[in-house]
Amino acid sequence: MPIHDNDRHAVVLEIGRAYTKCGFVGENEPRVIIPSKLEGTKNGEGIYLHEYSTKKELHSNLVKFLHHIFFKYLLVNHRERRIVIVESLLCPTEFREVLANVLYIHFEVPSVLFVPSHLVTLYTLGISTAFVIDIGHEETTMIPVCEGTPLIHAWQAHPLGSKAIQGRLESLLLLRAKVQGNDGQKVDLVDVMPNLSRAVLEDIVVRTCFVTTLPRARQLVAARTDEEGPSPPVPPPTILYPLSGNNNLTLDGSVREESAEIFFETDNEMVSLASMVLDGILASPIDFRVPLAENLVIIGGGSMLPGLKFRLLAEIKDLQQHPKYSSRIALKALKVHRPPAKSNYAAWLGGAILGATEAIATRSYTREVYTQTNRVPDWNNLADNTKEVDSRAG
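About the cut-offs
- Positions within a chain are numbered from 1, following the residues in the order the chain's sequence is written.
- In keeping with the model being predicted, local features are shown solely for residues with a pLDDT of at least 70 and side-chain atom pairs are shown and tallied solely at 80 or more, while totals for entire chains, interfaces and linings include all residues.
- Excluding hydrogens and water, the side-chain values take into account all heavy atoms of the structure.
- Working definition of a nonpolar core: buried Ala, Val, Leu, Ile, Met, Phe, Trp, Tyr and Cys residues. They are joined through side-chain atoms within 4.5 Å.
- Here's how the labels work: a residue is buried when its accessible area is under 20% of the maximum for its type, exposed when over 50%, partly exposed in between, all with a 1.4 Å probe on protein chains only.
- Put simply, DSSP marks the helices as runs of H or I at least four residues long and the strands as runs of E at least two long, and each gets a number from the N terminus on.
- Note on contacts: a residue pair is in contact if any heavy atoms of the two residues lie within 4.5 Å.
- Between any two strands, pairing holds if DSSP finds at least two bridges.
- Every axis corresponds to a line fitted to the C-alpha atoms, with the helix fit spanning only the stretch in contact, and the corresponding angles, defined between N-to-C directions, vary from 0 to 180 degrees.
- Stacked, tilted and edge-to-face pairs are distinguished by plane angle, under 30 degrees for stacked and over 60 for edge-to-face with tilted covering the rest, among Phe, Tyr and Trp rings (Trp via its six-membered ring) whose centres lie within 6.5 Å.

Re the nonpolar core
Here is step 1: Of all hydrophobic cores here, the largest spans 53 residues; its most connected members are L173, L249, F263 and L273.
Here is step 2: Sorting elements by how many residues they give to this core places helix α9 (residues 273-282) first, with 7 residues.
Here is step 3: In contact with L273, not counting residues within four places along its chain, are I135, T140, M142, L160, F263, F264 and L312.
Here is step 4: In this structure, L66, V112, Y365 and Y370 belong to the second largest nonpolar core, which totals 36 residues.

Structure representation (structure tokens):
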């Protein structure tokens, strides 16, 4: 059903770990971006949708959350609207099944189209081959897409996201930061606030933190690990961040600079953002490795940190010289696309574009079919991915 044949535009939802984007097909940006949580619960801070203990709790939370979306933000009759769900291919099956049950049974939507976020992002660029890097709140997922087909066997995922930066920031602040009152006296932050809320940490990251360059990062590491080595470079300026009351948090420049370094530090498994990119490209067919390297697409709210994309390219080029990769891959060029949307809702825009085509009529899963089967197709279910054998063959 093309968009121009139906005035009731389908609703596009992307329910992320931290934020939910919602709007209508054919539009160039979401109507609203809201936290993926229920307000007024869990000590007044709200409870996030993915922080549930039972399926029953998740079902109840999704009903309340989607009710707010339909009647407070979008102002639509859900029984008359098709739904497009933009989701990661690595979305937990339990969450997907409960979401489908809520939409089909409770809200009685006519049909739902589930689309993979890494794939539909390419609709915004008009390309069919790219290496898509999604830096979200809790983890970074990377999936190469070759000629419109996501290569599941080459996927990469690691718990490196905005949450990791916030955790590093909190530890640095509790260790070094001072709180300054109206009287000018400075006391340790840990004596005033033993822990910082998620909202405050997120705000500090968005407003003040950045990713430094590779040469400067090496100077910082050398100065920190070698007592007789070179002196550390001049730190960025210190700023004051307002806290509750008349207190101001003294944000040292080194804290603002070092918080994002967790993205590029190798863990015990020698994994970092740069190594994930090279490992994903190496796991792809050899004929697609160069096109994938020349078509990098970086999305997700975590990728909007200033300097991150430039630093990631520098790290990848440097890591190529490592013996693990130098003999197996030789990439002459690394190129990053710039989608026609902010990185945090580029995947949503791809879903809005796809939803405005015939695909929403031909590929949607209708409520009538769901009530008969009580399930939705899933790529990791063998019942949906086993080749049918003609009984008359052989």
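Moving on, there is more to tell.
A word on the pairing of strand β9 (residues 140-146)
Here is step 1: Counting buried positions over the 7 residues of β9 gives 7, a clear majority of the element.
Here is step 2: Here β9 shows a buried face lined by T140, M142, P144 and C146 and a second buried face lined by T141, I143 and V145.
Here is step 3: Sheet topology places strand β8 (residues 130-135) next to β9; 6 bridges connect them, and they run antiparallel. Paired with D134 across the strands is T141, a residue of β9.
Here is step 4: Two successive antiparallel strands, β8 and β9, enclose a turn made up of 4 residues.
Here is step 5: Across 3 bridges, β9 lies against strand β11 (residues 156-158) in antiparallel orientation. Directly across from T141, in β11, lies its bridge partner A157.
Here is step 6: Bridge count for β9 against strand β10 (residues 149-150) is 2 bridges, and the pairing is antiparallel. Pairing of C146 across the sheet is with T149, part of β10.
Here is step 7: Linking β9 back to β10 in an antiparallel pair, the connection comprises 2 residues, with E147 at a positive phi of about 50°.

Comments concerning the sheet that holds strand β14 (residues 239-242)
Here is step 1: As summarised here, the arrangement of the 4 strands in space is β13-β12-β15-β14, forming an open sheet in which the pairing is antiparallel. Each having just a single partner strand, β13 (186-188) and β14 make up the two edges of the open sheet. On average, adjacent strands in this sheet sit at an angle of 35° to one another, irrespective of strand direction.
Here is step 2: For strand β12 (residues 178-180) and strand β15 (residues 248-251), the ladder comprises 3 bridges, and the chain directions are antiparallel.

So, the packing of aromatic side chains
Here is step 1: This structure, assessed with the given rule, holds 3 aromatic pairs.
Here is step 2: Centroid distance Y104 to Y370: 4.5 Å. Interplanar angle 15°. Geometry classified as stacked. Of the two residues, Y104 sits in helix α2 (residues 93-106) while Y370 sits in helix α15 (residues 367-373), which places them 266 residues apart along the sequence.
Here is step 3: The class of Y370 is buried, set by a relative accessible area of 3%.
Here is step 4: Note on F263 and F264: the rings are 6.4 Å apart at their centroids and 90° apart in plane angle, and the pair reads as edge-to-face.

Side note on the sheet that holds strand β7 (residues 111-116)
Here is step 1: Taken together, the 6 strands give an open sheet; going across it, the order is β3-β2-β1-β6-β7-β17, and neighbouring strands pair in mixed fashion. At either end of the open sheet lies a strand with only one pairing partner, and these are β3 (32-35) and β17 (365-366).
Here is step 2: Sheet strands touched by helix α13 (residues 346-355): β1 (11-15), β2 (19-24), β6 (83-87) and β7. Its angle to β1, the strand with the most contacts, is close to 150°.

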